[in-house]
Amino acid sequence: MVKFKPGKYLRDFLRILRHPENLRTILREAYRHHLGMALDRRFGRGRCSMPSVLSLELTRRCNLRCQMCPQLRHLASVPGELSWYDRSQEMSLTGWVGVLDQAVAFKPRLYVTGGEPLLHRDFGQIIAEAKRRKLYVELQTNGTLLADYAELLVGSGVEKITISIDGTPEVHDAIRGRPGAFALLEKGVRSVLEAGRKLRRPGPSLCGTCIITRDNIGILDVLPRVAAEIGLDSLRFEHPIIDTPENTARHNAIFTKEFAEAHGLHMIFPSVVDGEYYQNRMVGSDLQALSEKLRQLSNRSWGMEVSILPVLSGETLFPYYFDFDYPFSEDCNALWKVCKIASDGSVLPCLHLVMGNVTRQSLAEIWNGAPMVSFRKLILNGLFPGCARCCRRSFARSNSTGCKETDSAR
């Protein structure tokens, strides 16, 4: 059952008033979410309409070393076959403009991310070209370089900026692995607000996102106040994407070369690299404190929108962190919604599967090509161990009849 969220639709309405060119994007994404994806899943035979979200991963490079980051930052060197980590293979402005030109036809929401996307040498021009084509742009950033681009982002009309904020200054800096990281993100937020005043434009909505870890449980209930004080409009708490060595081994035993060949899939092996995930550091006693903090966050009025994803009940909080065999529903809509394009042009839905490359194929050819169709059919039959705590799946509990008790998909 889909819950009606009046606040969300009010925000969408206000965005349309600010940017009427986004009406098609917002309506299409709402249609896909509420009906279109379900129809494609049921009747599409693995094919579906063009994505409602294009995730543009401009670079895998980053200037932070966050504790919970799933990217390969702890290794002395990255395996050469993972070409999207290679700076020399990052697409230039010309490559990304080619993607934007194709996107105009179906008006997706652009989710510009990384790594840290502001490190890309052509970042400013890519944003300008996207807005020149009147595409909806949401930027995900750690905020440390935001001040340098504040006027560009406001002046070009970027709709939303999502900024990582994991605690008070001391806690945030410790988690993000860099002294002064909080001060830089605060400077960035205030610079965006100042640019809005200077240019007399409303500017993008500013959303903070906090990854819940053992290191910030104690301050979760003060973070909304901290976020409001620096100028954020909303705050989203997210349970971490976690995995275990045992679950990874179980997944890789399924995703063998023989399995991939049998289903027409091109995969970089292993499907889940040992260590390319965040291992849960919580212990059972931490969950009592976390449960109480989440209750406080849900039951108080903060003067700003505060959300928690995925929505976990008292019954499902413990298994999320400690029971990888718990019967969560087998739902994931990502393959029908999001097309993720890596820095070298590879289209990577997940699990080191490479569906094609936009430098050699069109988006339409890749999106409904044989490998993507085959993988969608596999996912329709159930998820894999590597999907266990992916942020794109549903964490509703399946009951004995196979029906979902709640709908908590991101």
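All residue numbers refer to positions counted from 1 along the written sequence of the respective chain. Whole-chain, interface and lining totals are the exception, using all residues; otherwise, since this is a predicted model, local features are given only for residues with pLDDT of at least 70 and side-chain atom pairs are given and counted only at 80 or more. The side-chain quantities take in all heavy atoms of the structure and omit both hydrogens and water.

**Digging into the overall build of the protein chain**
Argument step 1. Helix and strand assignments follow DSSP, with helices taken as H or I runs no shorter than four residues and strands as E runs no shorter than two, numbered in order from the N terminus. For the protein chain, the helix and strand inventory stands at 15 helices and 10 strands.
Argument step 2. Between the two quantities, the radius of gyration covers C-alpha atoms and the globule rule is 2.2 Å times the number of residues to the power 0.38. Taken over the C-alpha trace, the protein chain has a radius of gyration of 21 Å; the compact-globule value for 410 residues is 22 Å, and the two agree within 12%.
Argument step 3. Throughout this description, buried means an accessible area under 20% of the type-specific maximum (1.4 Å probe, protein chains only), exposed means over 50%, and partly exposed covers the range between. Within the protein chain, the proportion of its 410 residues that are buried is 55%.
Argument step 4. Contacts: residue pairs with any heavy atoms within 4.5 Å of one another. Excluding contacts between residues fewer than 6 apart, the proportion of contacts in the protein chain whose partners are at least 24 apart in sequence is 77%.
Argument step 5. Per-residue accessibility takes into account occlusion by the displayed protein chains alone, with areas from the Shrake-Rupley method and a 1.4 Å probe. About 18,200 Å² of surface is accessible on the protein chain, with carbon and sulfur atoms providing 54% of the total.
Argument step 6. Positive and negative side-chain charges in the protein chain, numbering 54 and 44 respectively, have mean positions lying 5 Å apart. The positive count covers Lys and Arg only, the negative count covers Asp and Glu only, and His and the chain ends enter neither. Just so you know, the charge point we use is NZ for Lys, CZ for Arg, CG for Asp and CD for Glu.

**Looking at the packing of aromatic side chains**
Argument step 1. A pair of aromatic rings is counted whenever rings of Phe, Tyr or Trp (Trp by its six-membered ring) have centres within 6.5 Å, and the orientation is called stacked for planes under 30 degrees apart, edge-to-face for over 60 and tilted otherwise. A complete count under the given rule lists 9 aromatic pairs for this structure.
Argument step 2. With a centroid separation of 5.0 Å and 85° between ring planes, the pair formed by Phe 123 and Tyr 149 is classed as edge-to-face. In this pair, Phe 123 is assigned in helix 4 (residues 123–132) and Tyr 149 in the loop between strand 3 (136–141) and helix 5 (150–156), connecting sequence segments 26 residues apart.
Argument step 3. On the basis of relative accessible area, Phe 123 is assigned to the buried category, the value being 0%.
Argument step 4. Note on Tyr 320 and Phe 395: the rings are 5.1 Å apart at their centroids and 65° apart in plane angle, and the pair reads as edge-to-face. Separated by 75 residues along the polypeptide, Tyr 320 in helix 12 (residues 314–322) and Phe 395 in the segment after helix 15 (370–380) bring together distant segments of the chain.
Argument step 5. On the accessibility criterion, Tyr 320 (0% relative accessible area) is buried.
Argument step 6. Among the aromatic residues, those joined into a ring-pair cluster are Tyr 320, Tyr 321, Tyr 326, Phe 328 and Phe 395.

**Some words on the pairing of strand 2 (residues 109–113)**
Argument step 1. Counting buried positions over the 5 residues of strand 2 gives 4, a clear majority of the element.
Argument step 2. Strand pairing follows a simple DSSP-based rule, namely that at least 2 bridges must link the two strands. Of the strand pairs in this sheet, strand 1 (residues 53–57) and strand 2 are connected by 5 bridges, and their pairing is parallel. By the bridge assignment, Val 53 is partnered in strand 2 with Arg 109.
Argument step 3. Relative to strand 3, strand 2 runs parallel, the two sharing 4 bridges. By the bridge assignment for strand 3, Leu 110 is matched with Val 137.
Argument step 4. We call a crossover right-handed when, viewed with both strands directed away from the observer, the connection leading from the first strand over the helix to the second proceeds clockwise. One crossover worth recording links strand 2 to the parallel strand 3 by way of helix 4, and it is right-handed.

**Some points on the packing of helix 6 (residues 169–176) against helix 7 (residues 181–199)**
Argument step 1. A fitted line through C-alpha atoms represents every axis, and for helices the fit uses only the stretch in contact; the resulting angles, taken between N-to-C directions, go from 0 to 180 degrees. Contact geometry for helix 6 and helix 7: axes closest at 7 Å, N-to-C directions at 110°. On the basis of their axis angle, the class for helix 6 and helix 7 is roughly perpendicular. Together, Pro 169, His 172, Asp 173 and Arg 176 of helix 6 and Ala 181, Phe 182 and Leu 185 of helix 7 make up the contact between the two elements.
Argument step 2. When its residues are assigned to classes, the contact of helix 6 with helix 7 shows 4 nonpolar, 1 polar and 2 charged. Throughout this description, any angle smaller than 35 degrees is read as roughly parallel, any larger than 145 degrees as roughly antiparallel, any in the 65 to 115 degree range as roughly perpendicular, and the remainder as oblique. Residues are grouped as follows: nonpolar covers Ala, Val, Leu, Ile, Met, Phe, Trp, Tyr, Cys and Pro; charged covers Asp, Glu, Lys and Arg; every other residue, Gly included, is treated as polar.

**Considerations on the confidence of the model for the protein chain**
Argument step 1. The pLDDT score gives, residue by residue, the confidence of the prediction method on a 0 to 100 scale. Mean pLDDT over the protein chain stands at 91; residues scoring 70 or higher make up 91%.
Argument step 2. For residues 400–410, every residue scores under 50 in pLDDT, and the model assigns this stretch 27 contacts once sequence neighbours within four places are set aside.

**Side note on the sheet that holds strand 4 (residues 160–164)**
Argument step 1. Spatially, 8 strands are ordered 9-6-5-4-3-2-1-10 in an open sheet, and the strand pairing comes out parallel. The outermost strands of the open sheet, each flanked by one partner alone, are strand 9 (305–309) and strand 10 (338–341). Across this sheet, the average inter-strand angle for adjacent strands is 20°, counted without regard to direction.
Argument step 2. Sheet analysis places strand 5 (residues 205–211) next to strand 6 (residues 234–238), joined by 5 bridges and oriented parallel. Pairing of Ile 211 across the sheet is with Glu 238, part of strand 6.

**Examining the nonpolar core**
Inside soluble globular proteins, nonpolar side chains tend to come together where they are buried.
Argument step 1. We define the nonpolar core as a collection of buried residues of types Ala, Val, Leu, Ile, Met, Phe, Trp, Tyr and Cys that are connected through side-chain atoms lying within 4.5 Å of one another. Membership of the largest hydrophobic core comes to 105 residues, with the highest contact counts inside it found for Leu 54, Leu 56, Leu 290, Ile 341 and Phe 375.
Argument step 2. The residues touching Ile 341, leaving out its near neighbours within four places in the chain, are Leu 54, Ser 55, Leu 56, Glu 57, Met 91, Trp 96, Val 99, Ser 346, Val 347, Val 358 and Leu 363.

**Digging into helix 9 (residues 245–254)**
Argument step 1. When helix 9 is considered as a whole, its buried residues turn out to be Asn 247, Thr 248, His 251 and Asn 252. Considered in projection along helix 9, the buried side chains sweep an arc of 130° and stay on one side of the axis. In helix 9, those exposed residues whose orientation departs by more than 90 degrees from the buried face are Glu 246 and Ala 253.
Argument step 2. Where helix 9 is buried, its residues meet strand 7 (242–243). The directions considered for the arc are those from the helix axis to the C-beta atoms.

**Concerning the environment of Gly 203**
Argument step 1. In this structure, Gly 203 sits in the loop between helix 7 and strand 5.
Argument step 2. For Gly 203, a relative accessible area of 13% translates into the label buried.
Argument step 3. Counting along the chain gives 53 residues from Gly 203 to Ala 150, while the straight-line C-alpha distance between them is 9.5 Å.

**Considerations on the pattern of salt bridges**
Argument step 1. Note on definitions: salt bridges are taken to be side-chain nitrogens of Lys or Arg within 4 Å of carboxyl oxygens of Asp or Glu. Considering all chains together, one arrives at 23 salt bridges under this definition.
Argument step 2. The shortest N-O distance in the salt bridge between Lys 340 and Glu 57 comes to 3.7 Å. Highlighted residues: Lys 340 in strand 10 and Glu 57 in strand 1, separated in sequence by 283 residues.
Argument step 3. For Glu 57, a relative accessible area of 4% gives the class buried.
Argument step 4. Across the pair Lys 293 and Asp 221 runs a salt bridge whose closest N-O atoms are separated by 3.1 Å. Taken together, the positions of Lys 293 in helix 11 (residues 284–299) and Asp 221 in the loop between strand 5 and helix 8 (223–230) put the pair 72 residues apart, joining distant regions of the chain. Neither Lys 293 nor Asp 221 differs from the other in exposure class; each is buried.
Argument step 5. Within this structure, Asp 101, Glu 129, Arg 132 and Arg 133 form a network of salt bridges that share partners.

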